[in-house]
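# Fold and geometry: a report
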Amino acid sequence: MGLNSTPASERVHIGFFGIRNAGKSSLVNKITNQDMSVVSDVKGTTTDAVKKSMELLPVGAVVIIDTPGFDDEGELGKKRVESARKILSSCNVAILVTENEKLNSDELELLKLIKNRDIPYLIVHNKSDITGSKEGKLYVSTVTGEGIEKLKEEIARITGTLGKEIHFVSDFIKSGDTVILVCPIDESAPKGRMIMPQQLAIRDIIDKGATATVVQPEQLEGALNNLNKPPALVVTDSQVFGKVSKLVPESIRLTSFSVLMARYKGFLNTAVKGAQALDALNEGARVLISEGCTHHRQCNDIGTVKLPSWLKAYTGKELNFDFTSGHGFPGDLTDYDLVVHCGGCMLNDAEMQNRMKTAETQKIPFTNYGTAIAKMNSILDRSIEIIK
């Protein structure tokens, strides 16, 4: 997958924050070498977050995000500030842009929010052509270009501290192995393409020097019988977890794309713990089912149709459901007894972990589709065995 085709969920998200007229938009334009954001001397020119997927050398594939001023005023201004706050939830790196030698109260509040979310950050002092640069701080000028390359180098340095690289599936196989991927092609499958977890799995398997055999559920039994030796692993779509588990012998390792995605995004342990909460749901419990994408819902949609039905059947209780999609995840989860999230393939790891932490902070069990489905089919231990 080249840099130009890297999906947004796999890119480093770099957000530029600050008060109005600090020069955020000018700096973003200078960094990207494009007129990405409208620039004006009028305060509050940037009214909505502006995003740009690009290759930023020497960092690599990134999403650059320009945000509204954190000190915006009035009713509309408050909404813009809230928009800037929400952008933080998806940022891997935050750039706090200031023209002040000492941060003012709004900037200090913003810095506190960044630190509370454990987001790696840089404080950039803009307009050095006017203020003059000093040692010990990162100074830039969008007029003269001073410090721009240094800022890029610092961004590259800080992105290198974001954590170790985690492979999707190749950690569990070796060169020469065969992995069977069970990928249903039904009314909810996107036409003409594979979904992101399937793409990640196929590429990771190929990179390992192993063989990926892709089948639909109806072809699985024949594929198993036709192999000269058992596959090293079977990975299935969560919707057919129960059916597939009956066809795959216990001697063959089995998991799902959704379980692997929970590990890939860094919340598998929380998802497993959250799945155990299914047994504690009471009559009338309220469950939030959340999806990171905004696809067109089908009549047999997994999030709004299948999961609610399976959860009711498993618990034997009448449950109440709310649904969210895209970036519309609530900050207050206290009315819920459980959050069941999709795998998060269209969200970056920062946003998924932020959602997980939001639930954990409020002591609300948090799991995802595949982990919950494995629990309901009594195969949760088997599905996470390869992770242990």
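Our structure's up above, just so we're on the same page.
To keep things clear, this report deals only with the structure shown in the data block.

### Considering the pattern of salt bridges
Under the defined criterion, the tally for this structure stands at 15 salt bridges. Among the salt bridges present, the one from D335 reaches R286, with a minimum N-O distance of 3.6 Å. Pair noted here: D335 is in the loop between β12 (320-324) and β13 (338-341) and R286 is in strand β11 (residues 286-290), with a separation of 49 residues, a long-range link. Judged by its relative accessible area of 53%, D335 falls in the exposed class. One continuous salt-bridge network, built from bridges that share partners, spans K150, E154 and R157.

### Things to note about helix α2 (residues 74-88)
The terminal C-alpha atoms of α2 lie 22 Å apart, and with 15 residues this matches the ideal 21 Å at 1.5 Å per residue to within 8%. The set of residues buried in α2 consists of G77, R80, V81, A84, I87 and L88. For α2, the angular spread of buried residues about the axis comes to 115 degrees, placing them on one side. With respect to the buried face of α2, the exposed residues turned more than 90 degrees away are E75, L76, K78, K79 and K86. Looking at the packing, one finds that the buried side of α2 touches β1 (12-17), β2 (50-56), β3 (60-66), β4 (93-98) and α3 (105-116).

### Overview of the sheet that holds β4
Sheets are built from strands that pair by backbone hydrogen bonding, the pairs being arranged parallel or antiparallel. Spatially, the 6 strands line up as an open sheet ordered β2-β3-β1-β4-β5-β6, and their pairing is mixed. With partners counted over all chains shown, the strands left at the sheet margins are β2 and β6 (138-139), one partner each. Where β4 lies against strand β5 (residues 121-125), 5 bridges are found, and the strand directions are parallel. By the bridge assignment, L96 is partnered in β5 with I123. Contacts from α2 reach β1, β2, β3 and β4, with the element oriented near 150 degrees to β1. Each of β1, β4 and β5 touches α3; the most contacted strand, β4, lies at about 170 degrees to it.

Rules used throughout
- Residues numbered from 1 in each chain as written.
- Predicted model: local features only at pLDDT ≥ 70, side-chain atom pairs only at ≥ 80, totals over all residues.
- Heavy atoms only, no water.
- Salt bridge = Lys/Arg side-chain N within 4 Å of Asp/Glu carboxyl O.
- Helix = DSSP H or I, 4+ residues; strand = E, 2+ residues; numbered from the N terminus.
- Buried < 20%, exposed > 50% of the residue type's maximum accessible area, 1.4 Å probe, protein only.
- Expected span 1.5 Å × (residues − 1).
- Arc of directions from axis to C-beta.
- Contact = heavy atoms within 4.5 Å.
- Pairing = 2+ DSSP bridges.
- Axes fitted to C-alpha atoms, helices over the stretch in contact; angles between N-to-C directions.

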